[in-house]
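Each chain, written out:
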Amino acid sequence: MDKHKRFIKMAGDKKLIIGNWKMNLNIGEASLFLHKLSKIVKTHRDVEVVLAPTTLALQPLSLQVNLKQFKLAAQNFYWRDSGTYTGEVSASQLRGIVQYALVGHSERRHVFNENDKDIRSKVAAAVRNGIRPVLCIGETAWEHASNETHDVLHDQLTGGLANITSEELEQVVIAYEPVWAISAGQDSKPVNVSPTDVISAIKAVRSQIEHLYGKKAAESIQVLYGGSVTSDSVADYLAISGVDGLLVGGASLNANTFNEILEKAHKGSKVAKKG
Ligand code: PGA
């Protein structure tokens, strides 16, 4: 097994927890927050922790972070490597600064009108630059109510992965986030999605991956759940078969809450190994 494949295999055995800070915290605040987290978060071999701060803070945080404790993710980037694209940041400029990048988060799709064509180019750009893309997919409230979840997941997966070979898929992470469950801010109430809905969506994701890339790929790809995850719900979501980790928004902005989530992810995977 070559070095790259071994890394992917190891990553597959771990729970992957990503904290998406969205458009919160300036550079100084992000640096202080990382400092605080680094004091309280214990490193566990079975949990990979990724932080996604504002793009501005990525470079200073990349100098501050202990990569054994936390990895860094970009929240967004442009898919061309360089050129006349005023205001954009490319995956090639992020190379060496981040290890992961979110792609097609629902806020990018719905607030900034990103479509599957943009998203597939970004997935490919991340892979080309040695960055693991976290392809975010999920249905809106209306699509959910109209029983269109599986169709939406099918289209977003097929569209987002159109430029990706089987070998490249080993670098890709999928995050299933029902758009209607993503919290609208710090004061909004968490939306608890029923395990039945999550199980059915995760199954649909893996079965579409199987259709596109085969059984082995469907079993080994990391699939995360996201949307209103709190320290109270973390264990329930991680207990769902096929959920390999979490994408956490609001709850990742409180150091103690985020640490609780990480500790529960660690304890949960210990229980799962024993069982
Ligand atoms: P939330 O955000 O945990 O605040 O719902 C999740 C996300 O948008 O990734």
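Residues numbered from 1 in each chain as written. Predicted model: local features only at pLDDT ≥ 70, side-chain atom pairs only at ≥ 80, totals over all residues. Heavy atoms only, no water.

A. Summary view of the pattern of salt bridges. For the structure shown, the criterion picks out 8 salt bridges. Measuring nitrogen to oxygen at the nearest pair gives 3.0 Å for the salt bridge that ties E114 to R108. The class of E114 is buried, set by a relative accessible area of 10%. A salt bridge links E114 to K122; the shortest N-O distance between them is 2.7 Å. (Salt bridge = Lys/Arg side-chain N within 4 Å of Asp/Glu carboxyl O. Buried < 20%, exposed > 50% of the residue type's maximum accessible area, 1.4 Å probe, protein only.)

B. Structural detail: the confidence of the model for the protein chain. Taken residue by residue, the protein chain gives an average pLDDT of 93. The fraction at 70 or more is 93%. Under a pLDDT of 50 for its full length, residues 1–11 has, in the predicted model, 11 contacts with residues more than four places off or in other chains. (pLDDT = per-residue confidence, 0-100. Contact = heavy atoms within 4.5 Å.)

C. Up close: the packing of helix α6 (residues 116–128) against helix α8 (residues 149–160). Between α6 and α8, the least distance of the axes is 8 Å, while the angle of their chain directions is 50°. Between α6 and α8, the angle is such that the two are oblique. For the pair α6 and α8, contact is made by D116, I119, R120 and V123 and by D155, Q156, G159 and G160, respectively. Class assignment of the residues belonging to the contact of α6 with α8 gives a composition of 2 nonpolar, 3 polar and 3 charged. (Axes fitted to C-alpha atoms, helices over the stretch in contact; angles between N-to-C directions. Helix = DSSP H or I, 4+ residues; strand = E, 2+ residues; numbered from the N terminus. Parallel < 35°, antiparallel > 145°, perpendicular 65-115°, else oblique. Nonpolar A, V, L, I, M, F, W, Y, C, P; charged D, E, K, R; others polar.)

D. Structural view of the site of the ligand. Close to the ligand lie 14 residues, the nearest being K22, H105, E177, S183 and S228. Between the ligand and K22 there is a distance of 2.6 Å, counted from an oxygen atom to a side-chain nitrogen or oxygen. The contact in question runs from an oxygen atom of the ligand to an N or O atom on the backbone of G250, over 2.8 Å. In the complex, 98% of the free accessible area of the ligand, which totals 280 Å², lies under the protein chains. Across the shell around the ligand, the residue classes break down as 5 nonpolar, 7 polar and 2 charged. (Near = heavy atom within 4 Å. Polar contact = N/O pair within 3.5 Å; in protein donor to acceptor, adjacent residues only side chain to side chain. Areas by Shrake-Rupley, 256 points an atom, 1.4 Å probe, with all protein chains shown as cover.)

E. The arrangement of the sheet that holds strand β3 (residues 71–74) in detail. Ordered in space as β1-β2-β3-β4-β5-β6-β7-β8, the 8 strands form a closed barrel in which the pairing is parallel. Neighbour-to-neighbour, the strand axes of the sheet open up by a mean angle of 25°, direction not taken into account. Relative to strand β4 (residues 100–103), β3 is paired through 2 bridges, and the arrangement is parallel. By the bridge assignment for β4, A73 is matched with Y100. Its contacts with the sheet place α8 against β5 (132–137) and β6 (173–176), and it is angled at close to 150° to β5. (Pairing = 2+ DSSP bridges.)

F. Local environment of empty space enclosed by the protein. Evaluated as defined, the whole model comprises 1 cavity of 30 Å³ or more. The calculated volume of the largest cavity comes to roughly 50 Å³. Taken together, G104, H105, S106, R109, H110, C136, I137, G138, Q156, E177 and V179 make up the full set of residues lining the largest cavity. Listing elements by their share of the lining of the largest cavity, those giving two or more residues are α5 (106–111) and β5. For the lining of the largest cavity, the element with the highest residue contribution is α5, accounting for 3 residues. When grouped by side-chain class, the residues that make up the lining of the largest cavity number 3 nonpolar, 6 polar and 2 charged. (1 Å grid on protein atoms, 1.4 Å probe; cavity = no way out; pocket = protein on both sides within 12 Å on 5 of 7 lines; lining within 4 Å. Points joined across faces, edges and corners; volume = space filled by probe spheres on them.)

G. Summary view of the packing of α8 against helix α10 (residues 195–213). Two numbers describe how α8 lies on α10: the axes approach to 10 Å, and their chain directions differ by 40°. The orientation of α8 with respect to α10, classified from their angle, is oblique. Along this stretch, α8 crosses α10, giving a crossing that reads as right-handed. Contacts between α8 and α10 pair H150, L153, H154, L157 and T158 from the former with S200, A201, A204, V205, Q208, I209 and L212 from the latter. (Left-handed = near helix turned anticlockwise from the far one by under 90°.)

H. The arrangement of the nonpolar core in detail. Core analysis: the biggest nonpolar cluster contains 70 residues, and I17, L161, I174, I209, Y225 and L246 have the highest contact counts within it. In terms of residues, this core owes the most to one element, α10, which gives 7 residues. If you look at the next biggest cluster of nonpolar residues, it comprises 13 residues, including A52, V134, C136 and A175. (Core = buried A, V, L, I, M, F, W, Y, C linked by side-chain atoms within 4.5 Å.)

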